[in-house]
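Residue-level listing of the chains:
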Amino acid sequence: MDPNADLTSRFLQLACGNWITQMLHVAAELAIADHLAVASPQGLTAEELAGRCGADGESLFRLLRGLASLGLFAETDPRRFVLTPLAELLRSDHPGSQRQFMRMLGGEHYDAWADLLHSVRSGESAFRHRFGEPVFDWYGHNPERGAIFNGAMTDFSRVETEGLLATWDFSRATHLVDVGGGRGQLLQAVLHQHGHLRGTLFDQPAVVAPVAVPPALAGRFAVAAGDFFTAVPAGGDTYLLKHILHDWGDDACLTILGHIRAGLAPGGRVLILEQVIPPGNAPAPGKLLDLNMLVMTEGGRERTPDAYGHLLQRAGLRLAALHPTPSPVTVIEAVAA
Ligand SMILES: C[S@@+](CC[C@H](N)C(=O)[O-])C[C@H]1O[C@@H](n2cnc3c(N)ncnc32)[C@H](O)[C@@H]1O
């Protein structure tokens, strides 16, 4: 028995992670889980599935066999497949759906990651190196992919929204402004749960254009379009930034935080939701997300508690407390200095 066999197989599993990303991406693109969800409980053969999603039967069989070996889908009879609990997450209608996230990850994110070496050598964005412009500009010019990105953020956000609602007491807040709030799912979830609260969703014009005010929130939910490097809606007593500061370097963050500090009502709070980096070698998803920021953004990064403390101080704010949530994000609570 080779004493390094275990080590080698662990290494190879890590090394071939890009294969698995593409396998999941193709399953998401072809909506395999959606087709199986509406099929009979006996599932579908690879050939039946291929007919429904427009694929080659033998190649799709090989994809499904590979995914089944990882716990996604199960082959119950020769060439016949059903959903598994893990594969359910690829359904579009699952409450914990990761389908749009997987469509995003296997597309431009995947291509940009192929230039990680460029980022590590130069400190520059691999995305800009490959696509010629910053990622949010590119999404503006590629609205179909921008829609998938927004869907991915929604997928990503569900568990974080539940974590926020379980962690932060909104009963003292009156006007919540979600800065870079995407299509507003988080803000709407908070407003649905807290009937006294008014909310303003703020994001880029193209992102908020399709957002309609749900009748149940009429009079309490406002939508504002703009550029957070120019201004943010003023007068909120709670400003929320989820996965905003990690997109940017310190100078850009200071501009955004400066506008928030200027608009913050007396006694107000700023809630920053990010994956805080713990010290040492402990596994933490934020340590990998940090590399995604290196690849995808211009200076974005995940930060340690000390780095947040320092950044907030420079913006005229003070880090008041860190509130871990049941999701990977921490609520970083800041107040006026
Ligand atoms: C990583 S996403 C986070 C979205 C949302 N907060 C969430 O956690 O799901 C970053 C958001 O910042 C928005 N954004 C980027 N640049 C912006 C700008 N200059 N002004 C306003 N919003 C911007 C994007 O449109 C996007 O919705």
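Bear in mind the structure is a predicted one, so any value in this text is a computation, not a measurement.

1. Describing the nonpolar core
Part 1: By size, the foremost hydrophobic cluster in this structure holds 41 residues, and its most contacted members are Val179, Tyr239, Leu241, Ile260, Val270 and Ile272.
Part 2: In this structure, Ala27, Ile32, Leu49 and Ala112 belong to the second largest nonpolar core, which totals 39 residues.

2. A word on helix α12 (residues 143-167)
Part 1: The terminal C-alpha atoms of α12, which comprises 25 residues, lie 34 Å apart, in line with the 36 Å expected from a rise of 1.5 Å per residue.
Part 2: At Ser157, α12 shows its strongest bend, of approximately 40°.
Part 3: Considered for burial, the residues of α12 that qualify are Ile148, Phe149, Asn150, Ala152, Met153, Asp155, Phe156, Ser157, Thr161, Gly163 and Leu164.
Part 4: Next to the buried residues of α12 lie α7 (99-105), α11 (135-141), α13 (185-193), α14 (205-208), β8 (269-274) and β10 (330-336).

3. What about the environment of Val232?
Part 1: For Val232, the position within the fold is in the loop between β6 (221-225) and β7 (238-242).
Part 2: With 112 residues separating them in the primary sequence, Val232 and Val120 have C-alpha atoms 33 Å apart.
Part 3: Ignoring sequence-local partners within four residues, the contact set of Val232 consists of Val177, Val179, Phe202, His259, Ile260 and Gly263.

4. A short note on the domain arrangement of the chain
Put simply, an interface is often sized by how much accessible area is lost when its parts join up.
Part 1: Per the domain assignment, the segments of the chain are domain 1 (5-92) and domain 2 (157-336).
Part 2: The distance between the C-alpha centroids of domain 1 and domain 2 comes to 36 Å.

5. Some remarks on the packing of α12 against α13
Part 1: Put simply, α12 and α13 touch, their axes get as near as 9 Å, and they point 30° apart. The angle between the axes of α12 and α13 places the two elements in the roughly parallel class. Handedness of the crossing formed by α12 with α13: right-handed. Across from Thr154, Ser157, Thr161 and Leu165 in α12, the residues of α13 making contact are Gln185, Leu186, Ala189, Val190 and Gln193.
Part 2: Tallied by class, residues from the contact of α12 with α13 come to four nonpolar, five polar and no charged.

Definitions and cut-offs
Residues numbered from 1 in each chain as written. Predicted model: local features only at pLDDT ≥ 70, side-chain atom pairs only at ≥ 80, totals over all residues. Core = buried A, V, L, I, M, F, W, Y, C linked by C-beta atoms within 7 Å. Buried ≥ 20, exposed ≤ 12 C-beta atoms within 10 Å, placed from the backbone. Helix = DSSP H or I, 4+ residues; strand = E, 2+ residues; numbered from the N terminus. Expected span 1.5 Å × (residues − 1). Bend = angle between axes of the 7 residues up to and from the residue. Contact = placed C-beta atoms within 7 Å. Domains from an automatic or database assignment. Axes fitted to C-alpha atoms, helices over the stretch in contact; angles between N-to-C directions. Parallel < 35°, antiparallel > 145°, perpendicular 65-115°, else oblique. Left-handed = near helix turned anticlockwise from the far one by under 90°. Nonpolar A, V, L, I, M, F, W, Y, C, P; charged D, E, K, R; others polar.

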